[in-house]
Amino acid sequence: MTDFDDTDTTQENGTGRRDFLSTAAKLGGGAALLSFAGTGVAAADGHESDDGPTDVDILNYALTLEHLEYAFYRDALEHFDERHFEGVGSPGDRVFNSPRPRYGTYQRFEEIRDHEGEHVDVIAATIEDLGGTPVEEAEYDFPYENVAEFVTLAATIENIGVSAYAGAAPMIQNSDVLSAALSIHSVEARHAGYLNLHELRLPYPDAFDPVRTMDEVTEIASGFIVE
Ligand SMILES: [Fe+2]
Ligand SMILES: [Fe+2]
């Protein structure tokens, strides 16, 4: 079922290579992602801008990713319990055996899930404060069947999130919104570093993280969105 190869450390670049012919239809609640994908955007708050996305557009872009992240962890942790992660001989045993961090792992994932839920709530509230309409959570199809595949995909999604915030932040105009976005960006990087360790990757792979454009992230995210 999974499209991911455990040995492929560049997989986050490959998740978007599914069938995107019906991207717009699939995005559904994430449709705002596409509203500023080109130039001369139709802003989410109703006015046309030739200068790029408005802060509300960018916040809805971030909210689309945060909905995806929160749903990813929420649904997985409803499906898996602590024994799946830490029990000897469990599917997660292969993932978390020494030298990987093993104990307390399930709780770390619960904390990451809660962070994503807080990101969703704060960004949605900010969009409303700015007079915009927050996008709704979409329907997702995450390609994992066991804890090992779930953790691999978690690392991929968090690294995508880091690159997405880095790509969008320079376009934010309101300094308060920028400050909030940067404080979320660094938390996503901490999530990514923690999860990289589980994948036996360096938590800090390079001196500079990759930056992805909204178009690139939209294409990757749409691979997980059913409608
Ligand atoms: Fe997040
Ligand atoms: Fe995250």
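Just so we're clear, the structure is a prediction, and the values are computed from it rather than from any experiment.

## What about the packing of aromatic side chains?
1) Next: Scanning all chains against the criterion turns up 13 aromatic pairs.
2) Next: Taking the centre distance of 5.0 Å and the plane angle of 70° together, the rings of Phe 72 and Tyr 73 count as edge-to-face. For the pair Phe 72 and Tyr 73, a shared accessibility class is recorded, and that class is buried.
3) Next: When the centroid spacing of 5.9 Å and the interplanar angle of 85° are considered together, the rings of Phe 72 and Tyr 144 count as edge-to-face.

## Describing the pattern of salt bridges
1) Next: Under the definition given, this model contains four salt bridges.
2) Next: Salt-bridge contacts for Glu 111 lead to Arg 108; the nearest nitrogen and oxygen are separated by 2.9 Å. Highlighted residues: Glu 111 and Arg 108, both in helix H6 (residues 105-129), separated by three residues, approximately one helical turn.
3) Next: Of the residues examined, Glu 111 reaches a relative accessible area of 39% and is grouped as partly exposed.
4) Next: The partly exposed category is assigned to Arg 108, whose relative accessible area is 32%.
5) Next: Put simply, Arg 113 and Asp 114 hold a salt bridge, and the shortest N to O gap is 3.1 Å.
6) Next: Given a relative accessible area of 39%, Asp 114 falls into the partly exposed group.
7) Next: Residues joined by salt bridges that share partners form a network here, namely Arg 74, Asp 75 and Glu 137.

## Re the packing of helix H3 (residues 55-79) against helix H9 (residues 214-222)
1) Next: H9 packs onto H3 with a crossing angle of 30° between their chain directions and a minimal axis gap of 12 Å. Between H3 and H9, the interaxial angle falls into the category roughly parallel. Two packed elements cross with a definite hand, and for H3 against H9 that hand is left-handed. Side by side, H3 and H9 meet where Ile 58, Tyr 61, Leu 65 and Leu 68 of the first sit next to Met 214, Val 217, Thr 218 and Ala 221 of the second.
2) Next: For the contact of H3 with H9, the class distribution of residues is seven nonpolar, one polar and no charged.

## A look at empty space enclosed by the protein
1) Next: The final tally for this structure, using the stated rule, is two cavities of 30 Å³ or more.
2) Next: Each pocket or cavity is described by its volume, and for the largest cavity that value is around 130 Å³.
3) Next: Surrounding the largest cavity, 17 residues form its lining, Leu 59, Ala 62, Ile 123, Tyr 165 and Ala 181 being those nearest its centre.
4) Next: Contributing elements (two or more residues each) for the lining of the largest cavity: H3, H6, helix H7 (147-168) and helix H8 (175-198).
5) Next: In this structure, the second largest cavity occupies an estimated 90 Å³ of space.
6) Next: Every residue lining the second largest cavity is listed: Leu 65, Glu 66, Leu 68, Glu 69, Ile 157, Ile 160, Gly 161, Tyr 165, Ile 220, Ala 221 and Phe 224.
7) Next: Of all elements in the fold, only H3, H7 and H9 reach the threshold of two or more residues within the lining of the second largest cavity.
8) Next: Grouping the constituent residues of the lining of the second largest cavity by class yields eight nonpolar, one polar and two charged.

## Structural notes on H7
1) Next: Compared with an ideal rise of 1.5 Å per residue, which puts 22 residues at 32 Å, H7 spans 31 Å between its outermost C-alpha atoms and is within 8% of the ideal.
2) Next: Among the 22 residues in H7, 21 count as buried, and that is most of the element.
3) Next: Backbone nitrogen of Ala 148 and a side-chain oxygen of the N-cap are separated by 3.1 Å at the start of H7; the cap is Asn 146.

## Section: the confidence of the model for the chain
1) Next: Mean pLDDT over the chain stands at 77; residues scoring 70 or higher make up 70%.
2) Next: Model confidence for the chain, summarised as mean pLDDT per element, is weakest for helix H1 (residues 23-27) at 31 and strongest for H3 at 97.
3) Next: Low pLDDT, under 50, characterises residues 1-48; the stretch is placed with 96 contacts to residues that sit more than four places away or in other chains.

## Re the side chain of Glu 188
1) Next: Note that Glu 188 resides in helix H8.
2) Next: Buried and unpaired, Glu 188 has Arg 190 as its nearest opposite-charge partner, separated by 10 Å.

Quick notes on the rules
Residues numbered from 1 in each chain as written. Chains lettered and ligands numbered in written order. Predicted model: local features only at pLDDT ≥ 70, side-chain atom pairs only at ≥ 80, totals over all residues. Heavy atoms only, no water. Phe/Tyr/Trp six-rings, centres within 6.5 Å; stacked < 30°, edge-to-face > 60°. Buried < 20%, exposed > 50% of the residue type's maximum accessible area, 1.4 Å probe, protein only. Salt bridge = Lys/Arg side-chain N within 4 Å of Asp/Glu carboxyl O. Helix = DSSP H or I, 4+ residues; strand = E, 2+ residues; numbered from the N terminus. Axes fitted to C-alpha atoms, helices over the stretch in contact; angles between N-to-C directions. Parallel < 35°, antiparallel > 145°, perpendicular 65-115°, else oblique. Left-handed = near helix turned anticlockwise from the far one by under 90°. Contact = heavy atoms within 4.5 Å. Nonpolar A, V, L, I, M, F, W, Y, C, P; charged D, E, K, R; others polar. 1 Å grid on protein atoms, 1.4 Å probe; cavity = no way out; pocket = protein on both sides within 12 Å on 5 of 7 lines; lining within 4 Å. Points joined across faces, edges and corners; volume = space filled by probe spheres on them. Expected span 1.5 Å × (residues − 1). Polar contact = N/O pair within 3.5 Å; in protein donor to acceptor, adjacent residues only side chain to side chain. pLDDT = per-residue confidence, 0-100. Lys, Arg positive; Asp, Glu negative; His and termini not counted.

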